[in-house]
Amino acid sequence: MSDSDFEKATNASLQNVEITNDFDDSLIVCIDCRQEFVWTAGEQAFYFDKNLLNPPKRCKECKNAKNHRLAAIEIGRLTGKRQRIEVKADCARCLQTTTVPFYPCQGRPVYCRACFIEMNSEIANGANGTS
């Protein structure tokens, strides 16, 4: 490969990099709080440079809260003492925001205390009434 061929190849690759680094801010909905947050062009360029393929799923506050929960779980694992965590979630029945002592997963519904007690009493009464 001659020097002129190398320069042409280098210039062509630099032009491709400039095209791919032309990012625009985009809105993403947080999977935890369901609020929109901005994924800035700078953050997208960082992801591109690090070869990260998936965009973020959580806003900064929810990501920090998740990291705090993971740290509490790790501390509990290392010390043998259970760490108390609280996670904000929306009740699947009345849609009010509540806190639960676990991280909701697998798309299962989460209920506030009032709805949970009401549902369990309906189940208990229904089971007793049908016997």
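Use the structure listed above.
Below is a summary of the structure that appears in this document.

The rules behind the values
Residues numbered from 1 in each chain as written. Predicted model: local features only at pLDDT ≥ 70, side-chain atom pairs only at ≥ 80, totals over all residues. Heavy atoms only, no water. Phe/Tyr/Trp six-rings, centres within 6.5 Å; stacked < 30°, edge-to-face > 60°. Salt bridge = Lys/Arg side-chain N within 4 Å of Asp/Glu carboxyl O. Helix = DSSP H or I, 4+ residues; strand = E, 2+ residues; numbered from the N terminus. Buried < 20%, exposed > 50% of the residue type's maximum accessible area, 1.4 Å probe, protein only. Pairing = 2+ DSSP bridges. Contact = heavy atoms within 4.5 Å.

## Description of the packing of aromatic side chains
Here comes step 1: Using the criterion set out here, one finds three aromatic pairs in the structure.
Here comes step 2: Note on F46 and Y47: the rings are 6.4 Å apart at their centroids and 70° apart in plane angle, and the pair reads as edge-to-face.
Here comes step 3: Clustering of aromatic rings is evident, with ring pairs tying together W39, F46 and Y47.

## Topic: the pattern of salt bridges
Here comes step 1: Evaluation of the coordinates by the stated rule reveals five salt bridges.
Here comes step 2: Between R58 and D32 there is a salt bridge, with the nearest N and O atoms lying 2.8 Å from each other. With a gap of 26 residues between them, R58 in the loop between α2 (41-49) and α3 (60-79) and D32 in the loop between β1 (26-29) and β2 (36-39) connect regions that are remote in the sequence.
Here comes step 3: Across the pair E43 and K60 runs a salt bridge, and its minimum N-O distance is 2.7 Å. Placement of E43 in helix α2 and of K60 in helix α3 is noted, with a sequence separation of 17 residues between them.

## Some words on the pairing of β2
Looking along a regular strand, one sees the side chains alternate between the two faces of the sheet.
Here comes step 1: Only one face of β2 is buried, namely the one carrying F37 and W39, since none of E36 and V38 on the opposite face is buried.
Here comes step 2: Summarising the sheet, β1 and β2 pair through four bridges and their orientation is antiparallel. Within β2, the residue paired with L27 across the bridge is V38.

## Notes on the side chain of T98
Here comes step 1: Relative to the helices and strands, T98 resides in strand β4 (residues 97-100).
Here comes step 2: Each residue touching T98, except ones within four places of it in the same chain, is listed here: V87, K88, A89, Y111 and C112.

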